[in-house]
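# Tertiary structure, described
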Amino acid sequence: MTENEAFIYESIFNQVRMGFLSVDEIKENIIEEIEDNEFEDEISEDWAFEKIDQEYQKLLSESKQWKTPTDTEKLIKAFDELADENIIALHNAGYTTSDGEYEVVEVERELQENEVESDGYCFYHEQDLARAIDIEDPCLYIAFQKVDNSDEETTISVGKKVVEVLRNNGFEVNWNESAKTKIEIPGFRWQKIFDEDARDLQDYSEVVDRMIQ
């Protein structure tokens with residue numbers, strides 16, 4: 001595999017394993033990525049589509065061995081519980097920490113329109129998710145804070161609540177109780193296959209609805 005093929009293959013691997021997009025959507029994305037990087041002379045559509053189909057079939061095969069509840073299912077339950085306890089908890093919130101913070105502020109704004117103010121927030125973003133699909137050494141980092149807050153004690157109390165709920169859902173957690181350190185779930189293995197009939201974890205209006213009930 002050439003360097004450029006390896007670059008595209010990594011993107012294929014990530015998009016299939018994250019399970020947020022259909023195979024057709026991934027194929028559209030990858031063709032766009034090949035064109036944006038001007039790799040068309042080197043990487044054919046046939047090669048890309050074959051790799052996407054191979055990765056998807058491989059994931060389907062692996063999924064038959066998954067033990068339930070998977071780490072992903074446990075995390076969804078934990079995030080729902082956090083929302084019930086007035087903590088905004090967002091799945092796959094953007095690509096970077098600043099993207100995630102933007103998404104949180106949007107949710108907070110909607111909450112305040114419904115006369116609710118959150119007690120804090122947590123999220124993981126796409127770069128965090130890329131670590132959780134790593135075959136060799138998976139883990140997941142979770143950011144936390146409270147909107148418009150500069151008080152460290154308040155931040156730490158949010159972190160403690162997130163850690164408590166994660167542990168109650170069966171996760172081992174690494175965190176040094178610092179306001180500046182993300183929460184780590186070591187060994188977290190993301191296991192998800194795209195299902196158009198399943199709940200859309202990135203529909204944050206569901207989080208809002210849960211928090212204003």
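- Where an unreviewed UniProt entry is consulted, the protein chain appears under the name DUF6891 domain-containing protein, with the organism given as Flavobacterium chungangense.

## Focus on the sheet that holds strand S2 (residues 120-123)
- Spatially, 4 strands are ordered S1-S2-S3-S4 in an open sheet, and the strand pairing comes out mixed. The two strands at the open ends of the sheet, each matched to only one other strand, are strand S1 (87-90) and strand S4 (183-186). Taking the axes of each pair of neighbouring strands and ignoring which way they run, one obtains an average angle of 20° across the sheet.
- Across 4 bridges, S1 lies against S2 in parallel orientation. Looking across to S2, one finds that alanine 89 is bridged to cysteine 122.

## Comments concerning the nonpolar core
- Counting 33 residues, the largest nonpolar core has Leu75, Ile142, Leu166, Ile183 and Trp190 as the members making the most contacts within it.
- Those elements giving two or more residues to this core turn out to be helix H1 (3-18), helix H4 (71-84), S1, helix H6 (126-132), strand S3 (139-145), helix H7 (152-168) and S4.
- If you count residues domain by domain, this core takes at least three from each of domain 1 (3-64) and domain 2 (71-212).
- Contact partners of isoleucine 183, with chain neighbours within four places excluded, come to Leu140, Tyr141, Ile142, Phe144, Gly159, Val162, Val163, Leu166, Val173, Asn174 and Trp175.
- The next biggest cluster of nonpolar side chains, apart from the first, holds 16 residues, and it includes Val116, Tyr121, Phe123 and Ala143.

Rules used throughout
- Residues numbered from 1 in each chain as written.
- Predicted model: local features only at pLDDT ≥ 70, side-chain atom pairs only at ≥ 80, totals over all residues.
- Heavy atoms only, no water.
- Pairing = 2+ DSSP bridges.
- Helix = DSSP H or I, 4+ residues; strand = E, 2+ residues; numbered from the N terminus.
- Axes fitted to C-alpha atoms, helices over the stretch in contact; angles between N-to-C directions.
- Core = buried A, V, L, I, M, F, W, Y, C linked by side-chain atoms within 4.5 Å.
- Buried < 20%, exposed > 50% of the residue type's maximum accessible area, 1.4 Å probe, protein only.
- Domains from an automatic or database assignment.
- Contact = heavy atoms within 4.5 Å.

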